[in-house]
Amino acid sequence: MYNFNEIIDRRNTNAMNTDGFREYIFHADKTMTFPYKDEEFVRMWVADMEFATPDVIIEGIKERLDKSIFGYTRILSDDYYNAFVDWCRRRYGWSFEREHLVMSNGIIPALFELVDYICELDEKVIFFTPSYAYFKYAADFHNRESVFTDLVEEEGDFYVDFENLEAKASDEKTKLFILCNPHNPTGRVWSEEELRRMGEICIENDLWIISDEIHCDLLRSGEKHIPLAKVFPDYDKLITCMAPSKTFNMAGLMISNIIIPNDDLRSIWLSRHYNFDNPLSVAGAQAAYEKGEPWLEELTEYLDENFRFTKEYLSANLPKAVFNIPQATYLAWVDVGEYFKKDEDLPMFFAYEAGVLLEGGNMFVQNSDGYIRLNLACPKTILEEGLKRICEAVNNK
Ligand code: LCS
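Student: Could you give an account of the pattern of salt bridges, with specific residues and numbers?
Tutor: In total, this model carries 28 salt bridges according to the counting rule given. With a closest N to O distance of 3.2 Å, Asp86 and Arg89 form a salt bridge. With Asp86 and Arg89 both in helix H4 (residues 79-92) and three residues apart, the pair spans about one turn of that helix. A residue is classified by how much of its surface remains accessible, and Asp86, at 36% relative accessible area, is partly exposed. Owing to a relative accessible area of 44%, Arg89 belongs among the partly exposed residues under this scheme. For Arg188, the salt bridge identified is with Glu194, shortest N-O distance 2.5 Å. Classification of Arg188 as buried rests on a relative accessible area of 13%. If you follow the salt bridges from partner to partner, you end up with Arg10, Arg43, Asp48 and Glu50 in one network.

In structure tokens form, the structure reads like this:
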């Protein structure tokens, strides 16, 4: 049994989560003050966890440390591929060819590069909104236009507006669809039928697709992840991104898997990307895929319980909030719009009035007014305190 109740002090580790919130959430520097000391905040924002990375991963890194030389490294042996492809076979019934796998320091840097490699200057990128904002930043950075297609909310569940997707995908300047599968921030796991419809629309319109599957291991019990590439094994303009970073709380080790079946795009990648890897990250990721599954199963149960508790607590204490337990991610996407004016800055309100750091509103591009996103990947005692503070602040407004 792992101890997910342990409270780990992350200060003095250069953690974004503890020390980077002024800059990331509030675009401010150290001079920004709050009615709380930094260590008094309940932190429910950036998508990493308050849980220790599993010891099998730390052991794997230690074994590599003992080899004592950390020279230039690239994944040259088959061991890493075998560990990762076995993971994919076991968990999603899907596999891919060894030569299609390239590595990146992160999925975000990969998105930035791929937008540049795939889209001409006048071509557009389309994705669902609300959205993880870096999808838009990847397009913005290369001066490519973003096109949004709003998900539709019905009683706390989220659906694709296929007519809207189809209309926008058929614009001849739309070139690339970035799919978040499962979806951040709503936590939707797309069904096979939904994936098929999305893919067919893209294929009809000759779009490239990046399926960002970074959250695919973080499912509620009983849910199943379907890689888009499993539904469309023959469509080679489809790139799949997966990583151990979210699953095993090792984002700082900066290693992610990018699967590019198209030979031409992959050769562009290999000629322009900085193709070296961190030897400690490779060792950690390989250990994760080989030995991390029992930990992930216990984590899944712990998160299930945190979601159950959150649903119950919000129903009792914030009855006008709209929230259903999501199928995936450790993020709760909660509509608190009934309690606020349309243009209120929700992260600012909760930081000042509740001492809770969270993300929300226009941090998720559009179609997100009135929503807050709570990171539930923390010990239950911290979650209880965070929810208590959130509900009290709203009810005292
Ligand atoms: N893609 C999605 C959909 C994500 O949610 C995140 C992290 C990333 C990519 C980052 O990938 P990396 O570059 O680390 O491999 N999501 C975060 C979030 O929602 N808040 O903080 C990080």
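Still more ground to cover, so stick around.
Student: Which residues make up the pairing of strand E10 (residues 256-259), and what values go with them?
Tutor: Neither face of E10 is left uncovered, since the one carrying Ser256 and Ile258 and the one carrying Asn257 and Ile259 both have all their residues buried. One ladder, built from four bridges, connects strand E2 (residues 101-104) with E10; its direction is antiparallel. Paired with Ser104 across the strands is Ser256, a residue of E10. Of the pairings in the sheet, the one linking strand E9 (residues 238-242) to E10 comprises three bridges and is antiparallel in character. Across the sheet, Cys241 pairs through a bridge with Ile258, a residue of E10.

Student: Lay out the packing of aromatic side chains with the relevant residues and their values.
Tutor: Following the criterion strictly, the structure yields 39 aromatic pairs and no others. A ring pair is formed by Phe21 and Phe34, whose centres lie 5.9 Å apart and whose planes are at 50°; its orientation type is tilted. On the criterion of sequence distance, the pair formed by Phe21 in helix H2 (residues 21-26) and Phe34 in the loop between H2 and strand E1 (42-43) is long-range, its members being 13 residues apart. Here Phe21 falls in the buried class, since its relative accessible area comes to 0%. Sitting over the ring of Trp87, Arg91 keeps its end group 4.8 Å from the ring centre. One residue, Lys397, lies across the ring of Phe349, its end atom 5.4 Å from the ring centre.

Student: Requested: an account of unusual backbone geometry, with residues and values cited.
Tutor: Cis geometry is found at the peptide bond from Asn181 to Pro182, where omega equals -5°. Of note, the amide linkage connecting Asn184 to Pro185 takes the cis form, showing an omega dihedral of 15°. As for its placement among the helices and strands, Pro185 is situated in the loop between strand E7 (174-180) and helix H8 (192-204). Notably, Asn249 is not glycine yet its phi reads approximately 55°, a positive angle.

Calculation criteria
- Residues numbered from 1 in each chain as written.
- Predicted model: local features only at pLDDT ≥ 70, side-chain atom pairs only at ≥ 80, totals over all residues.
- Heavy atoms only, no water.
- Salt bridge = Lys/Arg side-chain N within 4 Å of Asp/Glu carboxyl O.
- Helix = DSSP H or I, 4+ residues; strand = E, 2+ residues; numbered from the N terminus.
- Buried < 20%, exposed > 50% of the residue type's maximum accessible area, 1.4 Å probe, protein only.
- Pairing = 2+ DSSP bridges.
- Phe/Tyr/Trp six-rings, centres within 6.5 Å; stacked < 30°, edge-to-face > 60°.
- Lys NZ or Arg CZ within 6 Å of the ring centre and 35° of its normal.

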